[in-house]
Amino acid sequence: MKLVKLIANLGYGSRKQVAWMFREGRITGADGEVLYADDSADPAHIRIDGEPLDPPTGLVLMLNKPLGVTCSRKDAGRLVYDLLPPRYRLRDPALSTIGRLDRDTAGLLLLTDDGGLLHRVISPKAEVAKVYAATLAEDLRGTETELFASGTLMLDGETTPLAPARLEVFGPRSARLTITEGRYHQVRRMFAATGNRVETLTRLAVGALTLGDLAPGGWRALDAGTVARVFDPPA
Ligand code: URA
């Protein structure tokens, strides 16, 4: 791919704007040699104003989603994309969230521009585990663990029961839930089905991926070996 297209696709500007950047000599190799719009080069060796180029297509990000931001591209209010460099929103192929977290849910969110990966992760067949910490408005009754594990729980308005899910209880109103599906508002609706209400919800893990020391609002790019751990069971 010609450099002008590659760099425009990474959100640095329109092709016309990027062509100007070439004319101004702002785009160079790692050795400082000026590059031209029609050149092709290894993205790892390209510098813009002396800075390394953003990661090429195949990008996977882990974000520690804070409360109050939405996974949409165009909702009113704060979006997860506002937490990333503005350029990332202009990339082509576009960066999408792998599944969604509600505005009032915090924690581990993955984003990628790799459509194939996205579909492999959210495919029900993959049964990728999602682990949530929940605090509840009412005391647990004691029957939830068995009910959630049964594979018979039917959510309001649905026609197929939920796959078995694992509930670990830590206190009267505190639990960790592992699910392998991604139905709409699934965790909140599961507890609602037992007469309870989720007060706080945080996603701790997707597969074997955890947030580590990533602070709320922080993000990092993942290498291929780390991404592969999404298909492993949680630790
Ligand atoms: N389940 C929910 O209810 N909300 C989320 O954000 C994720 C899972």
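Residues numbered from 1 in each chain as written. Predicted model: local features only at pLDDT ≥ 70, side-chain atom pairs only at ≥ 80, totals over all residues. Heavy atoms only, no water.

**A closer look at unusual backbone geometry**
Part 1: In this structure, the amide linkage connecting D92 to the following residue, P93, adopts the cis form with an omega of 5°.
Part 2: Relative to the helices and strands, P93 resides in the loop between β4 (60–65) and β5 (96–97).
Part 3: Despite not being glycine, D49 shows a phi value in the positive range, around 50°.
Part 4: Mapped onto the elements of the fold, D49 is located in the loop between β2 (46–48) and β3 (51–52).
Part 5: In this structure D49 comes out as partly exposed when scored by relative accessible area, which is 46%.
Part 6: Positive phi values are uncommon outside glycine, yet E127 reaches one of about 50°.
Part 7: Considering the arrangement of structural elements, one finds E127 in the loop between α3 (115–122) and β7 (130–136). (Helix = DSSP H or I, 4+ residues; strand = E, 2+ residues; numbered from the N terminus. Buried < 20%, exposed > 50% of the residue type's maximum accessible area, 1.4 Å probe, protein only.)

**Focus on the site of the ligand**
Part 1: The local shell around the ligand consists of L101, D102, T105, Y132, H185, Q186, V187, R188 and L201.
Part 2: Split by residue class, the shell around the ligand holds 4 nonpolar, 3 polar and 2 charged. (Near = heavy atom within 4 Å. Nonpolar A, V, L, I, M, F, W, Y, C, P; charged D, E, K, R; others polar.)

**Description of the domain arrangement of the chain**
Part 1: Partitioning the chain into structural domains gives domain 1 (3–52), domain 2 (60–124 + 208–231) and domain 3 (129–206).
Part 2: Each of domain 1 and domain 3 was reduced to a C-alpha centroid, and the two centroids are 49 Å apart. (Domains from an automatic or database assignment.)

**Focus on the packing of aromatic side chains**
Part 1: Taken as a whole and judged by the stated rule, the model has 2 aromatic pairs.
Part 2: Ring centres 5.4 Å apart and planes at 80° place the aromatic pair F148 and F191 in the edge-to-face group. Of this pair, F148 sits in helix α4 (residues 144–149) while F191 sits in helix α5 (residues 186–192); the two residues are 43 residues apart in sequence, bridging distant segments of the chain. In terms of burial, F148 and F191 fall into one category: buried.
Part 3: The ring centre of W20 lies 4.8 Å from the NZ or CZ of R23, which sits over that ring.
Part 4: Across the ring face of Y88, the terminal group of R91 is positioned such that the distance to the ring centre comes to 5.6 Å. (Phe/Tyr/Trp six-rings, centres within 6.5 Å; stacked < 30°, edge-to-face > 60°. Lys NZ or Arg CZ within 6 Å of the ring centre and 35° of its normal.)

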